[in-house]
Amino acid sequence: MNQASLYQNANQVQRHDAKLILEEFASTLQWRSDGEDALLDVGSGSGNVLMDFVKPLMPQGAQLVGTDISSQMVGFASKHYQTEERTQFRVLDIGCKRLPQELSGSFDHVTSFYCLHWVQNLRRALGNIYDLLRPEGGDCLLVFLASNPVYEVYKILQLNEKWSAYMQDVEQFISPLHYSSTPGEEFSQLLNEVGFIQHNVEIRSEVFVYEGVRTLKDNVKAICPFLERMPAALHEDFLDDFIQIVISMNLQQGDQHKDQDKKFISPYKLVVAYARKSPDIVNNVMIETAHQKLLKGLN
Ligand SMILES: C[S@@+](CC[C@H](N)C(=O)[O-])C[C@H]1O[C@@H](n2cnc3c(N)ncnc32)[C@H](O)[C@@H]1O
Ligand SMILES: CC(C)=CCC/C(C)=C/CC/C(C)=C/C(=O)O
């Protein structure tokens, strides 16, 4: 996904989830007492989730680094938010073999919203997130899709000879946890393996309702990696086929005839993971947080 402006205008679900989860975790994140926190966000995209929901939670003197694998996304975010103080955007592939030295061990917090389902090598991504945190400790809040009906629609579209040439590598775009019957356990295990001794992983079952054919098509256009591979003249045909498959999967609500009245339901599973790097500083904070119960197992 490379079209930042399309994404910025059709990311209601992503914004909705990030806003709610950040409100919930605002007091769990371990803010520094000197207010000099440094936070790196992984897969910031067009940047509006980071600027609208993460930045307002941070102390005045805090430093913010938004990162993304796509230079187009980074360019868009830099242009739109370059006037913000102590904020920068830069290219980073969180699945890279070697982190840039200047980023390694430099952050108090790492956040990531709706990005890690794009990364096949989750273990390497988590290892990098662990290494981005300061050696003396830090925490991370990671939110991403375990599963979504969009992946089943992609697989059916790939079988259609009209689209198969553009979708040979469809599996590369399916969340690495989509097929797991125990995604929470799998992700917890990975967090353990890379060194996060303290963590809490939840799998939340959510439902989003898309109102009208156009809304669903715009949301698909904003994230579908296959459209940019085909001529623009084919896009609407592809999206029409997408909608037909959604209907055949019984994800249309009601039997409205007008396109704008049609509703589509998307039941999906979200991974919400919070982890701390250092076991030493946890006890004081745990006593006060709203997540005391949730995190009890971490003590
Ligand atoms: C759905 S967008 C989420 C953007 C933003 N976090 C939000 O919540 O609106 C996913 C972003 O992850 C980025 N991404 C995908 N793979 C990545 C990787 N390996 N490293 C860093 N970013 C990646 C994409 O380029 C895209 O901008
Ligand atoms: C009803 C139905 C199939 C809805 C799917 C809607 C949709 C556009 C899902 C996108 C999921 C995704 C990969 C989001 C993202 O990375 O931001």
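Residues numbered from 1 in each chain as written. Chains lettered and ligands numbered in written order. Predicted model: local features only at pLDDT ≥ 70, side-chain atom pairs only at ≥ 80, totals over all residues. Heavy atoms only, no water.

An unreviewed UniProt entry annotates the chain as Juvenile hormone acid O-methyltransferase originating from Drosophila guanche. The Sequence similarities (unreviewed entry) comment attached to the chain in UniProt states, word for word, "Belongs to the methyltransferase superfamily." Turning to the chain, the UniProt record has this under Function (unreviewed entry): "O-methyltransferase that transfers a methyl group from S-adenosyl-L-methionine (SAM) to the carboxyl group of juvenile hormone acids to produce active juvenile hormones in the corpora allata, the last step during juvenile hormone biosynthesis. Also able to methylate farnesoate to methyl farnesoate." (UniProt positions renumbered as here; feature names shortened; annotations may be inferred.)

(A) Broad picture of the site of ligand 2. Neighbouring residues of ligand 2: 16 residues in total, closest Gln14, Tyr114, His117, Trp118 and Tyr210. Glutamine 14 places a polar side-chain atom, nitrogen or oxygen, 2.6 Å from an oxygen atom of ligand 2. Within the side chain of tryptophan 118, one N or O atom sits 2.9 Å away from an oxygen atom of ligand 2. Computed on the free molecule, ligand 2 has an accessible area of 490 Å², of which 97% lies beneath the protein chains in the complex. Elements with a contribution of two residues or more to the shell around ligand 2: helix H6 (149–159), helix H8 (213–223) and strand E8 (263–276). Looking at the shell around ligand 2, the element that brings in the most residues is H8, giving 4 residues. (Near = heavy atom within 4 Å. Polar contact = N/O pair within 3.5 Å; in protein donor to acceptor, adjacent residues only side chain to side chain. Areas by Shrake-Rupley, 256 points an atom, 1.4 Å probe, with all protein chains shown as cover. Helix = DSSP H or I, 4+ residues; strand = E, 2+ residues; numbered from the N terminus.)

(B) Spatial organisation of unusual backbone geometry. Backbone geometry at tyrosine 114 places phi at a positive 55 degrees, although glycine is not the residue there. The topology assignment puts tyrosine 114 in the loop between strand E4 (109–113) and helix H5 (122–132). What makes tyrosine 114 buried here is its relative accessible area of 12%. Positive phi outside glycine occurs at asparagine 250, with the angle close to 60 degrees. Within the fold, asparagine 250 resides in the loop between helix H9 (235–248) and strand E7 (252–253). (Buried < 20%, exposed > 50% of the residue type's maximum accessible area, 1.4 Å probe, protein only.)

(C) Just the packing of H5 against helix H7 (residues 183–194), in detail. The contact between H5 and H7 brings their axes to 9 Å, and the two run at 50 degrees. Judged by the angle between their axes, H5 and H7 are oblique. Between H5 and H7 lies a crossing whose hand is right-handed. Contacts between H5 and H7 pair Leu122, Arg123, Leu126, Gly127 and Tyr130 from the former with Phe187, Leu190, Leu191, Glu193 and Val194 from the latter. Considering only residue class, the contact of H5 with H7 consists of 7 nonpolar, 1 polar and 2 charged. (Axes fitted to C-alpha atoms, helices over the stretch in contact; angles between N-to-C directions. Parallel < 35°, antiparallel > 145°, perpendicular 65-115°, else oblique. Left-handed = near helix turned anticlockwise from the far one by under 90°. Contact = heavy atoms within 4.5 Å. Nonpolar A, V, L, I, M, F, W, Y, C, P; charged D, E, K, R; others polar.)

(D) Spotlight on the site of ligand 1. Tyr7, Gly43, Asp68, Asp93 and Phe113 are the nearest of the 19 residues found near ligand 1. In the model, an oxygen atom of ligand 1 is placed 2.7 Å from a nitrogen or oxygen of the tyrosine 7 side chain. Note that a nitrogen atom of ligand 1 is positioned 2.8 Å from one of the backbone N or O atoms of phenylalanine 113. For ligand 1, whose accessible area on its own is 600 Å², the fraction buried by protein is 96%.

(E) Molecular detail of the environment of glutamine 82. Structurally, glutamine 82 can be placed in the loop between helix H4 (71–81) and strand E3 (87–91). What makes glutamine 82 exposed here is its relative accessible area of 58%. Spatially, the C-alpha atom of glutamine 82 lies 43 Å from that of serine 181, the residues being 99 residues apart in sequence.

(F) Focus on the side chain of asparagine 148. Checked against the element boundaries, asparagine 148 lands in the loop between strand E5 (139–147) and H6. For asparagine 148, a relative accessible area of 14% translates into the label buried. Of the polar contacts made by the side chain of asparagine 148, one reaches the backbone nitrogen of valine 150; its length is 2.8 Å. Beyond its immediate stretch of four places on either side in the chain, asparagine 148 contacts His178, Ser266 and Tyr268.

(G) Main features of the packing of H6 against H9. The N-to-C vectors of H6 and H9 enclose an angle of 115 degrees; their axes lie 10 Å apart at closest approach. The handedness of the crossing between H6 and H9 is right-handed. Across the interface between the two elements, Val150, Val153, Tyr154, Ile156 and Leu157 of H6 pack against Phe238, Asp241, Phe242, Ile245 and Val246 of H9. Its residues assigned to classes, the contact of H6 with H9 comprises 9 nonpolar, no polar and 1 charged.

(H) Spatial organisation of the confidence of the model for the chain. Taken as a whole, the chain shows an average pLDDT of 91; of its residues, 92% reach a score of 70 or greater. Here residues 279–299 is a poorly scored stretch, pLDDT under 50, and it has 30 contacts once near neighbours within four places are set aside; other chains count. (pLDDT = per-residue confidence, 0-100.)

(I) Broad picture of the nonpolar core. If you look at the biggest cluster of nonpolar residues, it comprises 62 residues, and the most contacted ones within it are Phe113, Leu141, Tyr154, Leu157, Phe226, Phe238 and Phe242. With residues up to four places along the chain from it excluded, the contact list for phenylalanine 113 reads Ala18, Leu22, Asp41, Val42, Gly43, Val49, Val54, Leu141 and Val143. Membership of the second largest hydrophobic core comes to 35 residues, among which are Leu40, Leu142, Phe196 and Val271. (Core = buried A, V, L, I, M, F, W, Y, C linked by side-chain atoms within 4.5 Å.)

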